[in-house]
Amino acid sequence: ADVSRAVLSKQVHETTVRLCTSADAGKGLERERDYTADALITNEPNLPLTVFSADCGVILLYDPVCNAVGAVHAGWRGCAAGILEKTVQAMTESFGSRPEDLLAAIGPCIGSCCFETDSDVADAMIAALEKEIAAPYLERRGPKWHVDLAGLNRLWLLRAGLTPDHIDVAALCTACHPEWFWSHRKMGSARGLQAAMISLPKEAHI
């Protein structure tokens, strides 16, 4: 893929899914982004979709049947708001994708070992998913909660219709491994970003 044609997300922790075309090539890299979007989808070749994180979840989606891809930034706000389910629905509506055909990769994010929060995160997950569904991914330790963000993002993919064997989870905590990853929780503003990219090869477009 031609990296100069990359389309960069403009992340605001919301659930906008942008259908990207060749008219978006280079936006965020060589041209201004005239949108905000935490999720990008396309069925056009040589259009690398790019999302970023420094503890949040990044999820890449591939439909090998309809030749389509998606890239999603899913921090806890986007996760609770159902951004992954909305992205799968957008791929279904735009490309005819069937959820059971989609392949998903959940990249490294902050793990439950380090994702210690107040009750607002747990409350949001419980409100979105119901208590008994969210409970396995939330652990109360005194006044604080520990949250399994990767597990919750995987749960949303399953709810959207993906099959368990089509979801790969990188079981790596960004906060535990400063030698490999940037972590906002551990480094604050003195850090960079991880980027996750996915693109269809030129010959994939029919």
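This is a predicted model, so every value here is computed, not measured.

Caption draft 1: Here's a closer look at the sheet that holds strand β9 (residues 138-141). Taking strand neighbours across the sheet as the criterion, the three strands line up as β8-β10-β9 in an open arrangement whose pairing is antiparallel. Two strands lie at the open edges of the sheet, namely β8 (116-117) and β9, each paired on one side alone. Where β8 meets strand β10 (residues 144-147), two bridges bridge the pair, whose relative direction is antiparallel. Along β10, the bridge assignment pairs E116 with H146.

Caption draft 2: Region of interest: the pairing of strand β4 (residues 49-53). Burial runs high along β4: five of the five residues are buried. Across the two faces of β4 the burial is the same, with L49, V51 and S53 and T50 and F52 all buried. As defined by bridge partners, strand β1 (residues 7-8) adjoins β4 across two bridges and the pair is classed as parallel. In the strand pairing of β4, V7 is matched with L49. In the sheet, β4 pairs with strand β12 (residues 194-198) via five bridges, with the strands oriented antiparallel.

Caption draft 3: View of the environment of E100. Looking at the element boundaries, E100 is found in the loop between α2 (83-95) and β7 (103-106). Taking the C-alpha atoms as reference points, E100 and A160, separated by 60 residues in sequence, lie 9.0 Å from one another. With sequence-adjacent residues up to four places away left out, E100 is seen in contact with G161, T163 and H166.

Caption draft 4: Spatial organisation of the environment of R33. Mapped onto the elements of the fold, R33 is located in the loop between β2 (17-19) and β3 (39-42). Take R33: its relative accessible area is 28%, and that puts it in the partly exposed class. C-alpha of R33 to C-alpha of K10: the two residues are 23 residues apart in sequence and 7.3 Å apart in space. A distance of 2.5 Å separates the side chain of R33 from the backbone oxygen of S9, its partner in a polar contact.

Caption draft 5: Region of the structure containing the packing of aromatic side chains. In the structure shown here, the tally under the stated rule is one aromatic pair. Ring centres of W180 and F181 lie 6.2 Å apart, and the angle between their planes is 80°; this geometry places the pair in the edge-to-face category. Judged by relative accessible area, which is 52%, W180 ranks as exposed. Over the aromatic face of W156 sits the side chain of R159, whose NZ or CZ is 5.0 Å from the ring centroid.

Caption draft 6: Focus on the sheet that holds β2. Pairing in this open sheet of six strands is mixed, and the strands run β2-β3-β6-β5-β7-β11 from one edge to the other. Only two strands of the sheet have a single partner each, and these edge strands are β2 and β11 (167-169). Taking the axes of each pair of neighbouring strands and ignoring which way they run, one obtains an average angle of 15° across the sheet. Sheet analysis places β2 next to β3, joined by three bridges and oriented parallel. Residue V17 lies in a different strand from β3, and its bridge partner there is A39. Across the sheet, α2 touches β2, β3, β5 (57-63) and β6 (68-74), and the angle it forms with β6 is around 160°.

Caption draft 7: The pattern of salt bridges, seen in detail. One pass over the full model with this rule turns up seven salt bridges. Notably, a salt bridge pairs K27 with D34, separated by 3.0 Å at the nearest N-O pair. Classification of K27 by relative accessible area gives buried; the value is 7%. On the basis of relative accessible area, D34 is assigned to the exposed category, the value being 56%. Between R98 and D101 there is a salt bridge, and its shortest N-O distance comes to 2.9 Å. In this structure, a network of salt bridges that share partners links the residues R18, D24, K27 and D34.

Cut-offs used in this document
- Residues numbered from 1 in each chain as written.
- Predicted model: local features only at pLDDT ≥ 70, side-chain atom pairs only at ≥ 80, totals over all residues.
- Heavy atoms only, no water.
- Pairing = 2+ DSSP bridges.
- Helix = DSSP H or I, 4+ residues; strand = E, 2+ residues; numbered from the N terminus.
- Buried < 20%, exposed > 50% of the residue type's maximum accessible area, 1.4 Å probe, protein only.
- Contact = heavy atoms within 4.5 Å.
- Polar contact = N/O pair within 3.5 Å; in protein donor to acceptor, adjacent residues only side chain to side chain.
- Phe/Tyr/Trp six-rings, centres within 6.5 Å; stacked < 30°, edge-to-face > 60°.
- Lys NZ or Arg CZ within 6 Å of the ring centre and 35° of its normal.
- Axes fitted to C-alpha atoms, helices over the stretch in contact; angles between N-to-C directions.
- Salt bridge = Lys/Arg side-chain N within 4 Å of Asp/Glu carboxyl O.

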